[in-house]
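# Breakdown of the fold
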Amino acid sequence: MPLLQNTFVHHVHFWLKNKADKDKLIEGLNILLPIPHIRDIHIGVPADTNRDVIDRSYDVSLLILFDTAEAQEAYQVDPTHVIFAEEYAKPLCSKVVVTDSVNI
């Protein structure tokens, strides 16, 4: 199986203040799709897997692959990402956890 090379992984988990806002948050995540710095993107919800090590407490997740750390930095200040953060994530979410990783 090939390993991902030259990849910056940005993984975000969102916990909603109100579970009824899930579709609105997903709508907001979809505005990120045209951002040119993104190589691949996955918008998801918890899978129906149940083992002690799995955290299914979040409501929605976002996984983005970038070619470089610089591309991820450009994404952070892209106007569309700023709109998402200000108009969707901040008002709708009680908690947001981000993990970033790079190849070894």
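In the block above lies the structure referred to throughout.
Everything numeric in this text was worked out from a predicted model, so none of it was measured.

Bringing the overall build of the protein into the picture now. Along its length, the protein carries three helices and four strands. Listed by position from the N terminus, the elements making up the protein come as β-α-β-β-α-α-β. Here the C-alpha coordinates of the protein stretch approximately 35 × 35 × 15 Å along the principal axes. Among the 104 residues that make up the protein, the fraction classed as buried is 33%. Nonlocal contacts in the protein, meaning residues at least 24 apart in sequence, comprise 77% of its contacts between residues at least 6 apart. Counting only carbon and sulfur atoms, one obtains 56% of the accessible surface of the protein, whose full area is about 6600 Å². Taking the average location of the 9 positive side-chain charges in the protein and that of its 15 negative ones, the two points are 7 Å from each other.

Take the side chain of Asp 78 next. Note that Asp 78 resides in the loop between α2 (69–77) and α3 (79–92). Here Asp 78 is buried and forms no salt bridge, its nearest opposite-charge partner Lys 90 lying at an N-O distance of 15 Å.

We now examine the nonpolar core. Core analysis: the biggest nonpolar cluster contains 20 residues, and Phe 14, Leu 25, Leu 29, Leu 62, Tyr 75 and Phe 84 have the highest contact counts within it. Contributions of two or more residues to this core are made by β1 (8–16), α1 (22–30), β3 (60–66), α2 and α3.

Below, the discussion takes up the packing of aromatic side chains. The full count for this structure, using the stated rule, is five aromatic pairs. Ring centres 5.9 Å apart and planes at 85 degrees place the aromatic pair Phe 14 and Phe 84 in the edge-to-face group. Placement of the pair is Phe 14 in strand β1 and Phe 84 in helix α3, with a sequence separation of 70 residues. Of the residues examined, Phe 14 reaches a relative accessible area of 3% and is grouped as buried. With a centroid separation of 6.1 Å and 15 degrees between ring planes, the pair formed by Phe 84 and Tyr 88 is classed as stacked. With Phe 84 and Tyr 88 both in helix α3 and four residues apart, the pair spans about one turn of that helix.

Scoring rules and cut-offs
- Residues numbered from 1 in each chain as written.
- Predicted model: local features only at pLDDT ≥ 70, side-chain atom pairs only at ≥ 80, totals over all residues.
- Heavy atoms only, no water.
- Helix = DSSP H or I, 4+ residues; strand = E, 2+ residues; numbered from the N terminus.
- Buried < 20%, exposed > 50% of the residue type's maximum accessible area, 1.4 Å probe, protein only.
- Contact = heavy atoms within 4.5 Å.
- Areas by Shrake-Rupley, 256 points an atom, 1.4 Å probe, with all protein chains shown as cover.
- Lys, Arg positive; Asp, Glu negative; His and termini not counted.
- Charge placed at Lys NZ, Arg CZ, Asp CG, Glu CD.
- Salt bridge = Lys/Arg side-chain N within 4 Å of Asp/Glu carboxyl O.
- Core = buried A, V, L, I, M, F, W, Y, C linked by side-chain atoms within 4.5 Å.
- Phe/Tyr/Trp six-rings, centres within 6.5 Å; stacked < 30°, edge-to-face > 60°.

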